[in-house]
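# Observations on the three-dimensional arrangement
Spelled out from the first residue to the last, the chains are:
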There are 2 protein chains.
Amino acid sequence: MKPAVNMADVAVRAGVSISTVSRALGGAAGVSEATRERVRAVADELAYVVSPEASRLSRGSTGRVGVLVPAIHLWYYASVVAGLEAVLRESELDLLLYHVEGPEDRRRFFDRLPARRKVDALVVVALPTTAEQHRRLDDLGVAIISAGASSEQHPWVAVDDAAAAGAAVEHLLALGHERIAMIRTVEPDGGDWQADRQRLAGYRSALQRAGLEEDRDLVVTVPWGPDGGARAMDRLLTLPHPPTGVFAYSDEVAIGALRSLRRARVEVPGAVSLVGVDDHPMADLTDLTTVAQEPVVIGRCAAALALRTLGLPVPVDLQHVRTDGQRLGTRLVVRGTTAPPRAAGARLAPPRSPAAAEVLRAPRS
Amino acid sequence: MKPAVNMADVAVRAGVSISTVSRALGGAAGVSEATRERVRAVADELAYVVSPEASRLSRGSTGRVGVLVPAIHLWYYASVVAGLEAVLRESELDLLLYHVEGPEDRRRFFDRLPARRKVDALVVVALPTTAEQHRRLDDLGVAIISAGASSEQHPWVAVDDAAAAGAAVEHLLALGHERIAMIRTVEPDGGDWQADRQRLAGYRSALQRAGLEEDRDLVVTVPWGPDGGARAMDRLLTLPHPPTGVFAYSDEVAIGALRSLRRARVEVPGAVSLVGVDDHPMADLTDLTTVAQEPVVIGRCAAALALRTLGLPVPVDLQHVRTDGQRLGTRLVVRGTTAPPRAAGARLAPPRSPAAAEVLRAPRS
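Residues numbered from 1 in each chain as written. Chains lettered and ligands numbered in written order. Predicted model: local features only at pLDDT ≥ 70, side-chain atom pairs only at ≥ 80, totals over all residues. Heavy atoms only, no water.

## A short note on the side chain of aspartate 161 of chain B
Of note, aspartate 161 of chain B is situated in helix 8 (residues 161-175). Among residues more than four places away in sequence, those in contact with aspartate 161 of chain B are Ala195, Gln198 and Arg199 of chain B. (Helix = DSSP H or I, 4+ residues; strand = E, 2+ residues; numbered from the N terminus. Contact = heavy atoms within 4.5 Å.)

## Some remarks on the pairing of strand 8 (residues 245-248) of chain B
Residues and elements named next belong to chain B. Neither face of strand 8 is open: one carries Gly245 and Phe247, the other Val246 and Ala248, and all of them are buried. When strand 6 (residues 180-186) meets strand 8, the two strands line up parallel, connected through four bridges. Counterpart to isoleucine 183 in the pairing with strand 8 is alanine 248. Bridge count for strand 8 against strand 9 (residues 273-278) is three bridges, and the pairing is parallel. Bridged to glycine 245 within strand 9 is serine 273. (Buried < 20%, exposed > 50% of the residue type's maximum accessible area, 1.4 Å probe, protein only. Pairing = 2+ DSSP bridges.)

## Quick notes on the sheet that holds strand 6 (residues 180-186) of chain A
All names here are of chain A. The sheet built from six strands is open, its strands ordered 7-6-8-9-10-12 with mixed pairing. The open sheet has two edge strands, strand 7 (219-223) and strand 12 (331-333), and neither has a second partner. Strand-to-strand twist of the sheet, defined as the mean angle between neighbouring strand axes without regard to direction, takes the value 20°. Bridge count between strand 10 (residues 289-292) and strand 12: three bridges; the pairing is antiparallel. Bridge assignment links valine 291 to a residue of strand 12, and that residue is leucine 332. Running over the sheet, helix 8 (residues 161-175) touches strand 6, strand 8 (245-248), strand 9 (273-278), strand 10 and strand 12 and is turned about 170° from strand 8. (Axes fitted to C-alpha atoms, helices over the stretch in contact; angles between N-to-C directions.)

## Overview of the packing of aromatic side chains
Aromatic ring pairs are defined here through the distance separating the ring centres and the angle between the ring planes. Residue and element names in this part refer to chain A. A full pass over the atoms with the stated rule returns eight aromatic pairs over all chains. Each ring, one from phenylalanine 109 and one from phenylalanine 110, has its centre 5.4 Å from the other, and the planes form 85°; the classification is edge-to-face. Across this residue pair, the class does not change: phenylalanine 109 and phenylalanine 110 are buried. Taking the centre distance of 5.7 Å and the plane angle of 65° together, the rings of tryptophan 193 and tyrosine 249 count as edge-to-face. Taken together, the residues span a long stretch of sequence, with tryptophan 193 in the loop between strand 6 and helix 9 (194-209) and tyrosine 249 in the loop between strand 8 and helix 11 (251-263) at a distance of 56 residues. (Phe/Tyr/Trp six-rings, centres within 6.5 Å; stacked < 30°, edge-to-face > 60°.)

## Here's the deal with the packing of helix 10 (residues 226-237) of chain B against helix 11 (residues 251-263) of chain B
Residue and element names in this part refer to chain B. Two elements in contact, helix 10 and helix 11, have axes whose closest approach is 6 Å; the angle formed by their N-to-C orientations is 50°. One finds that helix 10 runs oblique with respect to helix 11. Crossing handedness for the pair helix 10 and helix 11: right-handed. For the pair helix 10 and helix 11, the contacting residues are Pro226, Asp227, Gly229, Ala230, Met233, Asp234 and Leu237 in the first and Glu252, Val253, Gly256, Ala257, Arg259, Ser260 and Leu261 in the second. Taken together, the residues of the contact of helix 10 with helix 11 sort by class into seven nonpolar, three polar and four charged. (Parallel < 35°, antiparallel > 145°, perpendicular 65-115°, else oblique. Left-handed = near helix turned anticlockwise from the far one by under 90°. Nonpolar A, V, L, I, M, F, W, Y, C, P; charged D, E, K, R; others polar.)

## What to know about the packing of helix 5 (residues 75-90) of chain B against helix 13 (residues 295-309) of chain B
Residue and element names in this part refer to chain B. Contact geometry for helix 5 and helix 13: axes closest at 7 Å, N-to-C directions at 40°. Between helix 5 and helix 13, the angle is such that the two are oblique. Both helix 5 and helix 13 take part in a crossing whose hand is right-handed. Contacts from Trp75, Tyr76, Ser79, Val80, Gly83, Leu84, Val87 and Leu88 in helix 5 reach Pro295, Val296, Ile298, Gly299, Arg300, Ala302, Ala303 and Leu307 in helix 13.

## Some points on the nonpolar core
Membership of the largest hydrophobic core comes to 88 residues, with the highest contact counts inside it found for Tyr203 and Leu236 of chain A together with Tyr203 and Leu236 of chain B. Setting aside its immediate chain neighbours within four residues, leucine 236 of chain A contacts Ala181, Ile183, Asp217, Leu218, Val220, Pro242, Pro243 and Val246 of chain A. Core analysis: the second largest hydrophobic core is formed by 86 residues, Tyr76, Tyr77 and Val321 of chain A together with Val123 of chain B among them. (Core = buried A, V, L, I, M, F, W, Y, C linked by side-chain atoms within 4.5 Å.)

## Observations regarding the pairing of strand 1 (residues 64-69) of chain A
All names here are of chain A. Burial of strand 1 is extensive: six of the six residues sit out of reach of the surface. Burial along strand 1 is two-sided: Arg64, Gly66 and Leu68 and Val65, Val67 and Val69, pointing in opposite directions, are all buried. Two elements, strand 1 and strand 2 (residues 94-99), share six bridges in a ladder whose sense is parallel. Pairing of leucine 68 across the sheet is with tyrosine 98, part of strand 2.

## Side note on helix 13 of chain B
Residues and elements named next belong to chain B. The end-to-end C-alpha separation of helix 13 is 21 Å, in line with the 21 Å expected for 15 residues at 1.5 Å each. Buried within helix 13 we find Pro295, Ile298, Gly299, Cys301, Ala302, Ala303, Ala304, Leu305, Ala306 and Leu307. The elements touched by buried residues of helix 13 are helix 5, strand 3 (121-125), strand 4 (143-147), strand 5 (156-159) and strand 11 (326-328). Just past helix 13, the residue glycine 311 takes up positive phi, approximately 75°. (Expected span 1.5 Å × (residues − 1).)

Below you can see the structure in the form of structure tokens.
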């Protein structure tokens, strides 16, 4: 490792203030040629390299943007971070990662605000927060950008979650389904999860527009993830009058539901059609119909919002991003898990050879 | 946003050096009580909050660790980053993310070394690098930690990839398989991918120990990912004498192979057994036999190595991590994709109803 010499060392040795060192080495005006030469000589002697850090600090900025994500190991969040990082790096800004997994970790983050004074802006990615936590973000004293959720207080970029849910449900309606379930997801501590709330609203509006009444039995709420999806599907299959179409909060939830359907030997899409949201890489592999969103683009747009808020140049291809709220579109991708409903009698395929590892969970109809 | 006041402003106003400000506000010795009070009064007047940043800079450290990952959107890398971040945050260090996706991006990173002077240490996660790029890391002038790959130059933590491959192949051997293929993966620019090289070595040793000769047709190399896995499996199925067991580089590769097997109506595990590496969340959902590793633990151990290298306290539960190289174990998880081989005649299940979306790719046997 090279010895660390900082601007203060140069200032002390040259007998000038640190801001004079900064201006002298940075070529700024207001420094005599004699002083400039003396500072340069000392800097050379100490093998001082101008640190982007120190020069930024003297301007009062850190050159860094923070990102606050609840689950970096999930495709959606990691993709947002990838898009964000790519644009920021091109703009020579660094990305500080704050990963707050679960309510306890989140509470600790908001208590201690470790990002304080370390970043110029903080991008908050689809984080379920309480109202109090949301207010607390302003105590950071930096620009806040909301990615993956709209915001009344801050610049934001998000897909239209209600429209995404609408597209999924309308696809099922167009195929002829009338008993359409939704698998919702929640965070255990009850923080507001905007995407879930808005997807529920989109599901309800689509049913209403079709003149269908909502059956409360058909809306099942489980913790996020494939296991949650599997449990929700098990529950739906035990209903006296199960759904023929299921809209799952996201692809990972839908893939869990698919496992339950396979184990119960319920044919997909013959007996039950299934739609997710995301176009997760696994959706293609499991032949899952879904409503695609592009989290990498959400990350890129969030970077544009951060750059603009900080008064820095925004790349040409991102100059269209609206500071007062950028909605991104979604796109229905029809694959093999959706088809018209069959007559009720044909719901179950006959069990094949009894597989020891699989439990037969047939609906009690 | 609050106005940014930095230590230099306080120094100028109080007529002292920046290091005096630092010592006065930090409570260090060597500052008279009068000076301390004057500095405090100025700091109060300017509403200056001690910045961990500035106080670290004056000690010549940044308080940050960088992480260099090739694919943050993949479960493995994101999980390493999650483990790393959790330990660093407990130690009040921040994590700077450098995402270098693909050879071009990687070349640019090594040309420009954006992490220079911005971090105290850099954790490099299983990055395929050329020898030249590996040397270039030392130009960063900071501690380098290798995570997910062993290193001769730097502290490292990695699983035993050869042993992981050995466990997978020995499982197939124990079931009675003799024609065992391996699906390898490469990076397009030919950077050295240690895990792939070592898993190949483990595959070969296991065959040798069993007294089997390697059939070069059975080792197929494809770009990483499910699509690569699918293509590799297609190729293996067209062999005059296809394998009955397949060891795939990783679960995501294996899941692609599984898709090809399903589309070709080849029964799994009846006709072909399949093993991956990782225990990716999707392995459980697809009932895939695999050799589990824990990337979150790799990340936590890498954080311990960084802390120790920087002379900072290491959390109790990580004090066992060896600085000269920490090997982590792996664990065979047997699920539904492996079973004893059947007689050759029973290889193919009869095609069911011809599915329009699926192409029947039967091996020409």
